[in-house]
Amino acid sequence: ACTPGLEHCAASLRELTEDSIASPSEALVALLVAVQDLRFEDRVAFAEACYSSLEGQMSQLLDWAESQMSASTPMPAEHAAVTCDGCGIYPLRGLRFKCTEC
């Protein structure tokens, strides 16, 4: 299926899948420019269609990344140079960008 307004991108993307000499960056730029020119509702529909078609692969990739992260060293729980936007407290502790009160 093709999203209305993106028909002209189909040929460039098809060439990439056929191992031609098409530039991936040119095809991506054409797609992004075309998506930018779509109505908001069509952009949302395009994003939803992309997510739906890649959801299984993304889930596998996230599962793999999570398994790799468990073996790495934990992040520090104190953010020394970060101040709470709400009350100005610093340093912030934990995985947040605001303190627990704000």
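Residues numbered from 1 in each chain as written. Predicted model: local features only at pLDDT ≥ 70, side-chain atom pairs only at ≥ 80, totals over all residues. Heavy atoms only, no water.

### Here we look at the overall build of the protein chain
The cut-off we apply is this: The way it works is that DSSP assigns letters per residue, a run of H or I at least four long becomes a helix, a run of E at least two long becomes a strand, and they are numbered from the N terminus. A 1.4 Å probe rolled over the protein chains alone gives each residue an accessible area, and that area as a share of the maximum for its type sets the label: buried under 20%, exposed over 50%, partly exposed in between. What makes two residues a contact is simply this: any of their non-hydrogen atoms within 4.5 Å. Every accessible area reported is derived by Shrake-Rupley at a probe size of 1.4 Å, with residue values counting cover from the shown protein chains alone.
A tally of regular secondary structure across the protein chain gives three helices and two strands. For the protein chain, buried positions account for 15% of its 102 residues. Restricting to contacts in the protein chain with at least 6 residues of sequence separation, those with at least 24 account for 21%. Accessible surface computed for the protein chain: about 8,200 Å², of which carbon and sulfur atoms make up 60%.

### Some thoughts on the pattern of salt bridges
Filter applied, for reference: We define a salt bridge as a contact between a side-chain nitrogen of Lys or Arg and a carboxyl oxygen of Asp or Glu at a distance within 4 Å.
Under the defined criterion, the tally for this structure stands at two salt bridges. Put simply, E41 and R39 hold a salt bridge, and the shortest N to O gap is 3.8 Å. Given a relative accessible area of 53%, R39 falls into the exposed group. Note that R39 is salt-bridged to D42, the shortest N-O span being 3.2 Å.

### Thoughts on a nonpolar patch on the surface
The criterion, for reference: Residues enter a patch when their relative accessible area is above 30% and they make no salt bridge; the linking distance is 9 Å between like charges and 5 Å between nonpolar side chains (Val, Leu, Ile, Met, Phe, Trp, Tyr).
Together, Y51, L54 and M58 give the surface a local cluster of nonpolar side chains, amounting to about 270 Å² of exposed area. Structurally, Y51 is set in helix α3 (residues 40-69).

### Some words on the confidence of the model for the protein chain
Note: predicted coordinates in regions of low pLDDT should not be interpreted at a detailed level. We count it as follows: The predictor's confidence in any single residue is recorded as pLDDT, a number from 0 to 100.
Considering every residue of the protein chain, the mean pLDDT works out to 77; 70% of them sit at 70 or more. Model confidence for the protein chain, summarised as mean pLDDT per element, is weakest for helix α1 (residues 7-17) at 68 and strongest for α3 at 88.

### Some thoughts on α3
Quick note on the threshold: In this scheme, a helix's expected span is set at 1.5 Å multiplied by one less than its residue total. Throughout, bend refers to the angle between the axes fitted to the seven residues that end at a position and the seven residues that start at it.
Between the first and last C-alpha of α3 there are merely 36 Å, a value that for 30 residues lags more than 12% behind the 44 Å anticipated at 1.5 Å per step. The largest bend along α3 reaches roughly 60° and is located at E55.

### Some words on the environment of R39
Tracing the backbone shows R39 in the loop between α2 (24-37) and α3. Residues R39 and G5, 34 residues apart in the sequence, show an inter-C-alpha distance of 9.2 Å.

### Looking at unusual backbone geometry
If a residue is not glycine, its phi is most likely negative; likewise, a peptide bond is most likely trans. Of the consecutive residues Y90 and P91, the connecting peptide bond is found in the cis state with omega at -10°. Tracing the sequence through the fold places P91 in the loop between β1 (78-79) and β2 (92-93).

### Brief notes about α2
What counts here: Of all possible arcs, the one meant is that of the directions from the helix axis to the C-beta atoms.
Relative to the 20 Å expected for 14 residues at 1.5 Å per residue, α2 spans 20 Å between its end C-alpha atoms, a close match to the ideal helical length. Along α2, the residues that are buried comprise A27, L31, A34 and V35. Viewed along the axis of α2, the buried residues span an arc of 100°, placing them on a single side of the element. The outward face of α2, more than 90 degrees from its buried face, is lined by the exposed residues E26, Q36 and D37.

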